[in-house]
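Inside the fold
The lines below spell out each chain.
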Amino acid sequence: MQRDRVAEMRPPIAIDADHFTRLSALSSMASRPLAEVCEYLREEFERAHVLPADKLRPDIVSFGSKVKFRDEQTGKVQEIVLVYPLDADIARRRVSVLTPVGAALLGLSVKQMISFRTRTGESRELAVLKVGREE
């Protein structure tokens with residue numbers, strides 16, 4: 001019941017159909033350290049609007065999106081590029097969708113906010129400020 005109430009409070013999201021299929025498979029094969037993030041992603045899939053790539057608005061966070069967001073607890077603004085795990089490189093600010101931040105941002109659009117839990121169990125809230133494509 002608690003989980004259902006939290007899911008109802010989350011903003012609507014949209015995901016590219018091709019990425020949805022690939023992510024669904026990836027999330028079901030992930031190992032123990034990633035289990036919580038994968039469970040979160042599967043919950044997000046249940047409420048996502050799955051659209052063909054050409055119908056996904058450019059201001060929606062998808063793979064390859066450059067996302068500027070603010071951590072509402074700290075006020076810190078960051079800019080990252082959302083990628084698949086093999087393309088992740090924190091030094092280049094390329095964040096995997098299989099991290100709590102990456103999973104939380106997937107499918108959001110500008111001006112949306114989402115709450116999620118970090119790997120240490122901390123509650124965080126992110127606000128999407130800008131979405132573009134990586135140059």
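None of the values given here were measured: they were computed from a predicted structure.

In this section: the packing of aromatic side chains. Enumeration according to the criterion identifies two aromatic pairs in this entry. Arranged with centres 5.1 Å apart and planes meeting at 70 degrees, the rings of Phe20 and Phe45 form a pair that is edge-to-face. A residue pair is termed long-range when its members are at least 10 positions apart, and Phe20 in helix α2 (residues 17–29) and Phe45 in helix α3 (residues 35–47) qualify at 25 residues. On the basis of relative accessible area, Phe20 is assigned to the partly exposed category, the value being 23%. Taken together, a centroid distance of 4.0 Å and an interplanar angle of 5 degrees make the contact between Phe63 and Tyr84 stacked. With Phe63 in the loop between β2 (49–51) and β3 (65–71) and Tyr84 in the loop between β4 (77–83) and β5 (94–96), this residue pair connects regions lying 21 residues apart in the sequence. By the burial criterion, Phe63 is buried, and Tyr84 matches it. Here the guanidinium or amino end of Arg22 rests over the ring plane of Tyr84, the centre of that ring lying 3.6 Å away.

Basis of the calculations
- Residues numbered from 1 in each chain as written.
- Predicted model: local features only at pLDDT ≥ 70, side-chain atom pairs only at ≥ 80, totals over all residues.
- Heavy atoms only, no water.
- Phe/Tyr/Trp six-rings, centres within 6.5 Å; stacked < 30°, edge-to-face > 60°.
- Helix = DSSP H or I, 4+ residues; strand = E, 2+ residues; numbered from the N terminus.
- Buried < 20%, exposed > 50% of the residue type's maximum accessible area, 1.4 Å probe, protein only.
- Lys NZ or Arg CZ within 6 Å of the ring centre and 35° of its normal.

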